[in-house]
Amino acid sequence: MEPKKLLLAEDDAMLASLLKYRLEKDGYAVAIKTNGKEVKQDIAEHLPDAIISDVMMPYFSGIELVDFLRNDLKSNIPIILISAASNEENVISAFKMGANDFIAKPVSPSELLIRVTREIERYYCT
Amino acid sequence: MYLSSKTYQLPFLISSPKIHTDLLWDLTLLFVVLAGLYFFFIFFFKNRSATLFKKRKSKRAELAPIISNFLFHSPEDPKTEQREYVELKITIREYLSDKYFRKVLADILFDLQKDVAGATQERLYNLYVELGLHHDAYQKLSNWRWNTVSKGILELSQMKVTDAFHFISKFINDKRGVVRKQAEIAIISLKDEGINHLLDNTKYAISEWQQLRLIEALSSLKDYRPPKFKTWLISHNKDVVLFSLRLIKHFNQNEAAASITELVKHKNDQVKIAAISCIKDFNFNEANSVLKKVFWNCSAMVKVQILDTIGAIGDEGDLMFLNEIGKLESNFSVVNKAHAAINTISPDSILPTENIVEDLVAPITKSESGLYDVEFLETEVEYSEVVVKSEKTIETKEIEVEEIEVFNLVEKKEPKAKEETEEPIEAPDFKIQEMERELNKTLNFSLGLIDATALGKGEDESKETQEDYAQMSKEQRVKFVDTLESVGDKRETQLLEFIMEHEEDAELRFRAFNTLKSVGKKPEQAVEIVSKTITPSVEPTAKLEPEPLKLDGILPEESIFYDLYAYASDMNSKEILIQEIISIGDERDIPFLVQLQQTETDIIKTLVDKALETITKAISEKPLDDVLDNSVAEVAVDNAIDEIDFSALQTLVEEPETKPNTNTDSNGGLIPLELCFLYDELGILYDENNKKEDLGLNFELSKEFEVMVKSNNYSLQNE
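Because the structure is a prediction, the values reported are computed rather than measured.

(A) Geometry of the overall build of chain B. The helix and strand inventory of chain B stands at 38 helices and zero strands. The proportion of buried residues among the 719 residues of chain B is 31%. Contacts in chain B between residues far apart in sequence, at least 24 positions, make up 66% of those at least 6 positions apart.

Below, the structure is given as structure tokens:
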């Protein structure tokens, strides 16, 4: 069975690398993008199975990414947002835009893995 | 002219200096070289930092998978991964010998621990120690640079190296502020008992911001069980006490009531305010009495806090105290807060009076039954009293007219009520009528409708009331005394004296005594002035709240030297000030001097004694006319003397002689002790034999008191 392709948009290279390692260890194919412009370009060409994105990113924020994905690309693929600014306003706006989940930093890689798996299963098995 | 001639005589000042061209070229060359060097260094260091950044980035990229591998390695992983793990371990050991590599690795782990949580974070901490990176941090602690030491402390605390606790705890009393603060936070984060260590050992002040950071650090600890912070309320470091109070509040440790209440008496205002805030937050009702006791000796800021707390936790029993503050306190914000507190305890007791047009005030409506209950009348009286007070300050004539109307309304209702009520008025009505009569009298008096002669007319009524009082049950008497306490005035003097002499219940006697003292002061300010200048004051608060420093109704703060003395930093200045008091001081400085006697050093005490002696001597030598040399004081004295019922006072003095066995049942023929105090308060003289006979005690009077009694006696003789 072909591994699910995940796009990890995170500007902190060390954290991105750590999460990638953890997700790959559980059978996902992870591509890392370090800024919003790259992410936008990448998903416009070919959509991954799910996206994990930091909210605060250079050029293109995570919220804008959700908006672009849902309204411009008309895609419903799972998108999970990660942010250090986990105030109510941010979380609500993320969910309003159509994000599937929201995780506050510091992130537990194991927790992220479970959430990603659950969202992918929910999306692809229903 | 002079200048112009000089200008032409000194041409070298306006001509350019002669410099050799070679020198100019040399200077040009020098500056070009310097500029070249400057740009060279800029490019050199920029390139160097860019190279280092790139190098670090590549190192981080290189190390990222290794760290990830270490963090997520599991013994259950497949063989290939196990082999990879072993190889990485060997590689990293080789790298670890390089100092730069260790630094980068420590930085990576330090940055990463902020972004990860849970089991991964725990593994990260372990990896940091396993790789021996904490040794580098230990080395930083011994560095002479404060920033390096601080960084080392931060690294060790963030990476949860608990073994570093003892190394870091040495820095909590470091003279470098940044290091000290970092160490404080570190020891709290590393171990649960860190806070105990900090509070036990810190010698420096803990700023408010630092306190908040420390509380935040404590709150972030997992499964933290805070110690009983009341233990540190006895600390000698006031900042520790303050911090403990804040912690007590934060962790809701409300079992420290006694200690917190005691801290209200602390000499430091910050501690006082923090303790009062705790009392308010925890609703320590039992601290109310202490708050009231310390109130008069506090600064305005503390007074406001106390009143705020009394407003929050107090009850109707505190209204009398708050009303007293409204009358005696001069500070606007304190008075305002007292009024706010009154309104909090008893809503709408004090209504707005500023810019209120009296014509728009609706008249009092008659109740359907035509009878008034006591509470209703009390409210009306309070209202009218408030209006009177405020209006008196603006324009007296207007008030009289308006208040007559209010009074008439109250008076007119009585017969109408009787006409309309067909049923005979029974026992409870006696009380109501009695109250109404008392209240009407109070109103009349406060409105100025009753003069001194009118008071005389009320003697018959007073006798009737005394008889009625004697027939009352105990409950009725208690209520009656309650009413007298709240609305009584000078006209109740006889009745109150009657109660003091004939009442069997000691508590009621004492309350009557207190009320008598308070009514002696209440209505006119003139009495206050007289009591201040001539007689020992009949000031209610002075006795209700024992205040050693408030002598003769005068506070130490009233001395003109009080503020100056507070700012005197050295002994010489203090001595000079006291010398000044000796030369120009008067009776208003006595309380201040007495305060100094209690608090100051021996040298100052000697001077203070001298000052007291001089002032006392000066007062005793000064004739009364000199004492009251200003017209205001004279008028005040006249008014006050008019109001003193001398016959009644004389009766009071003579009574024990003429009726020696009046109180034989309860007091064995002696007058009540409270009355003796009252005699002393009023400055009534009686000979030594009588004193001994009456009280069975021989009090020694202070010199000042004797002087005041003499002055009073002199005024009585004049009269």
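Back to the write-up after that little detour.
(B) Region of the structure containing the sheet that holds strand 3 (residues 50-54) of chain A. Residues and elements named next belong to chain A. Strand order in the open sheet formed by five strands is 2-1-3-4-5, and the pairing between neighbours is parallel. Each end of this open sheet is capped by a strand with a single partner; those strands are strand 2 (29-33) and strand 5 (101-104). The mean inter-strand angle of the sheet, taken between neighbouring strand axes irrespective of direction, is 20°. Sheet analysis places strand 1 (residues 5-9) next to strand 3, joined by four bridges and oriented parallel. Paired with Ala9 across the bridge in strand 3 is Ser53. Helix-sheet contacts for helix 1 (residues 13-25) involve strand 1 and strand 2, and the interaxial angle to strand 2 is about 170°.

(C) Highlighting the nonpolar core. Core analysis: the largest hydrophobic core is formed by 104 residues, its most contacted members being A:Leu6 and B:Ala275. Contacts of B:Ala275, omitting those with residues within four sequence positions, involve B:Leu245, B:Ile260, B:Leu263, B:Val264 and B:His266. Among the nonpolar cores identified, the runner-up in size contains 13 residues, and B:Phe561, B:Ile578, B:Ile590 and B:Leu612 belong to it.

(D) Summary view of the interface of chain A and chain B. Taken together, the 16 residues of chain A in the interface contact 18 residues of chain B. Sorting the residues of the side of chain A that touches chain B by element identifies helix 1 and helix 5 (109-124) of chain A as the ones contributing at least two each. The biggest single contributor to the side of chain A that touches chain B is helix 1 of chain A, with eight residues. Within the side of chain A that touches chain B, the residues separate by chemical class into eight nonpolar, three polar and five charged.

The rules behind the values
- Residues numbered from 1 in each chain as written.
- Chains lettered and ligands numbered in written order.
- Predicted model: local features only at pLDDT ≥ 70, side-chain atom pairs only at ≥ 80, totals over all residues.
- Helix = DSSP H or I, 4+ residues; strand = E, 2+ residues; numbered from the N terminus.
- Buried ≥ 20, exposed ≤ 12 C-beta atoms within 10 Å, placed from the backbone.
- Contact = placed C-beta atoms within 7 Å.
- Pairing = 2+ DSSP bridges.
- Axes fitted to C-alpha atoms, helices over the stretch in contact; angles between N-to-C directions.
- Core = buried A, V, L, I, M, F, W, Y, C linked by C-beta atoms within 7 Å.
- Nonpolar A, V, L, I, M, F, W, Y, C, P; charged D, E, K, R; others polar.

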